[in-house]
Amino acid sequence: MLNAHTIDTLADFSRNDALAAGFSTAKVNQWQHLHDVYYGPAKANKQRAKALRRASEGRFSLDQLTLIENALKPVANPAARMRLRLRLLATAMNYKALRALIKQLVPKTTTAPKKGVRFTASRNRTRTMTVTADERDIADIEHLISRDIDPDRPASGQFLDNFLTTLRDGVGVPRAVPRPLLLIPLPDYTRIVAGDGDDITLGLTDGTTMTGAEYLTKHHADTIEVAAFHPQHGPVNLYRTERFANKKQRDLARAAMPICPVPGCRHGADSCEIHHITAWKFGGETNLDNLAPLCRYHNGTNDDDPTNPRRGRVENISGTPTWVSPRGYPAENTTHPYAPKRTLFARSAPAPAATVEPGHGAASL
Ligand SMILES: [Zn+2]
């Protein structure tokens, strides 16, 4: 029977003795770290003693304890680290089970890739350059070089042509200008417009007063758009007859869904096409509840004919454009952290919520 070394064997740990005994520096460093954690000076002595007791009684191996400490490294707060340590040591278990528990309990930290530009050597007279930069800068570049490309040809080569043209002859990459869009639940909006809502009153320095609604319409009509959302139907219908969505409808469709709704797709609504959920040829109208932003690729793969499911299609579920699998299961695209309607109506007492919609690139808050 194997007798795993437990934390007790490190009570009188000596780094020099361990190195002299021929253990690798890496191993000795691990043990030193465990010794510091379980026997070194600590602020929360009681907690530390509890952890030592659990590690010892649970007969956790030194490898398991090292696994725990490695997982806890990114947790910056010592108290939070100790809480997690105690929970992981609560019951004896094997290595595999411990690893599963760590995965479940310890928040995953993803370290951002290092920003910079990197070049490779030549291969068959080509070279590769990779650019890692702030997401805003890359979104601006992507927006610029993907404009006016031919949808019938592969995109990548066209991106390259536009990219090189921009670098050699272009005037530069314009920055996205955030454009505020104020989303107000419809019942509140109609009350505010009717003048009997709980609108705020602004006191002006010329001695007059003005309601919030007056202020917005008089002074920010150009910079802030006010969008009314119905709790179930989403953005409010404006037009019924046109084949193509107008700008207001496109903006509202994008406000309702800031990203292509297909799970895993990274395309922001601003670089999407506006898609008819029920196809125009099947009688679908150009109403907001029938519009959804879909990236060019997923617009092409969408099953426009719902009676012939092959690759899934987007449907309007409770006012939210949602992708539904060929077998009928709805799934959300969780790539984008922000969905305005959920923010608006998740609360019991809906309050006006502001969202910033960039001029292009993914909408975000
Ligand atoms: Zn997509």
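Going by the structure above, here's the rest.
Note that the structure is predicted; figures quoted are calculated from it, not measured. In every chain, residue numbers begin from 1 and rise along the written sequence. Residue-level local features of this predicted model are given only where pLDDT is at least 70; pairs of side-chain atoms are given and counted only at 80 or more, and the full residue set underlies all totals for whole chains, interfaces and linings. The basis for every side-chain value is the complete set of heavy atoms in the structure, and neither hydrogens nor water enter the calculation.

Draft legend 1. A look at the overall build of the protein chain. The way it works is that DSSP assigns letters per residue, a run of H or I at least four long becomes a helix, a run of E at least two long becomes a strand, and they are numbered from the N terminus. Across its full length, the protein chain holds 13 helices and 13 strands. Here the protein chain holds 365 residues, and 35% of them are scored as buried. When contacts within the protein chain are restricted to residue pairs at least 6 apart in sequence, those whose partners lie at least 24 apart make up 55%. Classification of residues uses two cut-offs on accessible area relative to the type maximum, computed with a 1.4 Å probe and protein chains only: under 20% is buried, over 50% is exposed, and between them is partly exposed. Contacts are residue-level and defined by heavy atoms, with any inter-residue pair within 4.5 Å sufficient.

Draft legend 2. A look at a nonpolar patch on the surface. Side chains of V117, F119, M129 and V131 sit close together on the surface and give an oily, nonpolar patch of about 380 Å² of accessible area. Mapped onto the nonpolar patch, the elements with two or more residues apiece are β1 (116-119) and β2 (129-132). Position of M129 among the secondary structure elements: in strand β2. Exposure above 30% relative accessible area and the lack of any salt bridge qualify a residue for a patch; like charges then connect within 9 Å, and the nonpolar side chains Val, Leu, Ile, Met, Phe, Trp and Tyr within 5 Å. Throughout, the Shrake-Rupley method with a 1.4 Å probe supplies accessible areas, and for residues the shown protein chains are the sole cover considered. Here, a salt bridge means any side-chain nitrogen of Lys or Arg that lies within 4 Å of a carboxyl oxygen of Asp or Glu.

Draft legend 3. Quick peek at the pattern of salt bridges. Taken as a whole and assessed by the stated rule, the structure comprises six salt bridges. For R153, the salt bridge identified is with D150, shortest N-O distance 3.5 Å. Overall, D150 belongs to the partly exposed group, its relative accessible area being 30%.

Draft legend 4. Region of interest: the side chain of T6. Following the sequence through the fold, T6 ends up in the segment before α1 (15-20). Assessed through its relative accessible area of 5%, T6 is described here as buried. In this view, T6 contacts R59, F60 and L62; residues no more than four positions away in its chain are not counted.

Draft legend 5. Spatial organisation of the coordination of the zinc ion. Here a donor is any nitrogen, oxygen or sulfur atom (N, O, S) within 2.8 Å of the metal, with 3.2 Å used for Na, K and Ca; water is not among the atoms considered, so some sites may look incomplete. Within the protein, the zinc ion binds to C260 (SG), C265 (SG), C295 (SG) and H298 (ND1); these donor distances fall in the range 2.0 to 2.3 Å. In primary sequence terms, the donor set of the zinc ion follows C-x4-C-x29-C-x2-H. Taken together, the residues span a long stretch of sequence, with C260 in the loop between α11 (247-256) and β8 (273-276) and H298 in helix α12 (residues 296-301) at a distance of 38 residues. Looking at C260, the relative accessible area reads 0%, which means it is buried. Residue classification places H298 among the buried positions, given a relative accessible area of 16%.

Draft legend 6. The nonpolar core, seen in detail. Here, nonpolar core refers to any group of buried Ala, Val, Leu, Ile, Met, Phe, Trp, Tyr and Cys residues whose side-chain atoms link them within 4.5 Å. In this structure, I7, Y38, L65, I68, L88, L89 and I102 are the most contacted members of the largest nonpolar core, which totals 31 residues. Among the elements of the structure, α2 (25-39), α3 (45-57), α4 (62-72), α5 (78-88) and α6 (95-105) are those that each provide at least two residues to this core. Take this core: its biggest share by element is six residues, from α4. Ignoring anything within four residues of it in the chain, the contact list for L88 reads F60, I68, L72, M93, L98, L101, I102, L105 and V106. One finds I277, A292, L294 and V314 within the second-largest nonpolar core, a separate group that totals ten residues.

Draft legend 7. Spatial organisation of the environment of D134. Here D134 lies in the loop between β2 and α7 (135-145). With relative accessibility at 32%, the residue D134 sits in the partly exposed group. For the pair formed by D134 and G116, sequence separation is 18 residues and the distance between their alpha carbons is 9.9 Å.

Draft legend 8. Region of the structure containing α3. Any helix carries an expected span of 1.5 Å times its number of residues minus one. Spanning 13 residues, α3 covers 18 Å between terminal C-alpha atoms, matching the ideal 18 Å at 1.5 Å per step. Buried residues belonging to α3 abut α2, α4 and α5. Positive phi shows up at R59, right after α3, with a value of about 50 degrees.

Draft legend 9. Geometry of the environment of D161. By the element assignment, D161 lies in helix α8 (residues 155-169). Judged by its relative accessible area of 47%, D161 falls in the partly exposed class.

Draft legend 10. Structural context of the packing of α3 against α5. Fitted lines through C-alpha atoms serve as axes, helices being fitted only where they are in contact, and the angles separating the N-to-C directions of these axes extend from 0 to 180 degrees. In contact at an axis separation of 9 Å, α3 and α5 are set at 25 degrees when each is read in the N-to-C sense. Between α3 and α5, the angle is such that the two are roughly parallel. Judged by the sense of rotation from one axis to the other, the crossing of α3 with α5 is left-handed. Along the contact surface, α3 presents Q47, R48, K50, A51 and R54, while α5 presents M82, R85, L86 and R87. Residues are sorted three ways: Asp, Glu, Lys and Arg are charged, Ala, Val, Leu, Ile, Met, Phe, Trp, Tyr, Cys and Pro are nonpolar, and all the rest, Gly among them, are polar. Taken together, the residues that form the contact of α3 with α5 break down as three nonpolar, one polar and five charged. Any angle between 65 and 115 degrees counts as roughly perpendicular, while under 35 counts as roughly parallel, over 145 as roughly antiparallel, and the rest as oblique. Left-handed describes a crossing whose near helix is turned anticlockwise from the far helix through less than a right angle; right-handed describes the clockwise counterpart.

Draft legend 11. View of the pairing of strand β9 (residues 291-294). Across the two faces of β9 the burial is the same, with L291 and P293 and A292 and L294 all buried. Two elements, β8 and β9, share four bridges in a ladder whose sense is antiparallel. The partner of H276 across the bridge, within β9, is L291. A pair of strands is labelled paired if DSSP reports no fewer than 2 bridges between them.

Bear in mind that shape data such as this cannot, by itself, settle questions of function.
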